[in-house]
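Each chain, letter by letter, is given below.
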Amino acid sequence: MRVLAIDHGTKRMGLALSDELGMIAQPLEFVLAEPFEGFLSRVKAIILEKKVELLLIGMPRNMDGTYGPAAEKVRECVVKLKAAVGIPIKTWDERLTSAQANRMLIQANVRRDQRKIRVDQAAAAILLQSYLDNSNLP
């Protein structure tokens with residue numbers, strides 16, 4: 001099953017895609033969050049082109065597990081996506097994925113200007129890999 005993950009952001013949405021076996025996550029790209037119609041159009045195109053069967057969206061949580069204002073924006077996005085795409089949508093805890101992505105890019109000696117561009121899709125890949133690792137448990 002191919003999964004498309006979204007790291008929701010106010011400026012950019014990071015996208016990552018699993019392989020056909022649903023085992024490995026790879027960063028795909030980022031799409032500007034606004035206009036939402038442009039983002040939605042790109043997601044729908046990827047779903048068709050890559051034969052995606054599940055959409056996974058990072059759900060931001062506070063460190064104590066509660067939900068804040070960012071989570072409400074993700075919920076609103078999920079409602080709009082459900083109305084537009086014909087595949088199942090799940091949310092997944094995304095705590096610290098952006099921090100992990102930044103650390104990973106720093107360790108890989110990626111320049112600061114390039115990190116800003118790549119961090120969203122790297123965070124989406126970390127989110128997706130976490131989901132894939134936990135959903136394949138026996």
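Structure: above.
Here goes a summary of the coordinates provided.

Criteria and thresholds
- Residues numbered from 1 in each chain as written.
- Predicted model: local features only at pLDDT ≥ 70, side-chain atom pairs only at ≥ 80, totals over all residues.
- Heavy atoms only, no water.
- Pairing = 2+ DSSP bridges.
- Helix = DSSP H or I, 4+ residues; strand = E, 2+ residues; numbered from the N terminus.
- Axes fitted to C-alpha atoms, helices over the stretch in contact; angles between N-to-C directions.
- Contact = heavy atoms within 4.5 Å.
- Core = buried A, V, L, I, M, F, W, Y, C linked by side-chain atoms within 4.5 Å.
- Buried < 20%, exposed > 50% of the residue type's maximum accessible area, 1.4 Å probe, protein only.

1. Considerations on the sheet that holds strand 2 (residues 12–18)
Point 1. Here five strands make up an open sheet; going across it, the order is 3-2-1-4-5 and the pairing mixed. The sheet terminates laterally at strand 3 (25–32) and strand 5 (89–93), the two strands that pair on one side only. Pairs of neighbouring strands in the sheet enclose a mean axial angle of 25°, with direction left out of account.
Point 2. Sheet topology places strand 1 (residues 3–7) next to strand 4 (residues 54–59); four bridges connect them, and they run parallel. Residue pairing across strands places alanine 5 opposite leucine 56, the latter belonging to strand 4.
Point 3. The sheet contacts of helix 2 (residues 69–84) involve strand 1, strand 2, strand 4 and strand 5, and relative to strand 4 the element is tilted by about 165°.

2. Regarding the nonpolar core
Point 1. Counting residues in hydrophobic clusters, the biggest one holds 25 residues, and the most contacted among them are Leu4, Ile6, Phe39, Val43, Leu55 and Leu81.
Point 2. Elements that contribute at least two residues to this core include exactly strand 1, strand 2, helix 1 (36–50), strand 4 and helix 2.
Point 3. Ranked by residues supplied to this core, first place goes to helix 1 with six residues.
Point 4. In this view, isoleucine 6 contacts Met13, Gly14, Leu15, Phe39, Val43, Leu55, Leu56, Ile57, Gly58, Leu81 and Leu127; residues no more than four positions away in its chain are not counted.

3. Overview of the pairing of strand 2
Where a strand is regular, its side chains alternate between the two sheet faces.
Point 1. Where burial is concerned, most of strand 2 is hidden: six out of the seven residues are buried.
Point 2. Here strand 1 pairs with strand 2 via four bridges, running antiparallel. Bridged to isoleucine 6 within strand 2 is leucine 15.
Point 3. Counting the residues between successive antiparallel strands, the hairpin from strand 1 to strand 2 contains four residues.
Point 4. Across seven bridges, strand 2 lies against strand 3 in antiparallel orientation.

On their own, these measurements won't tell you what the molecule is for.
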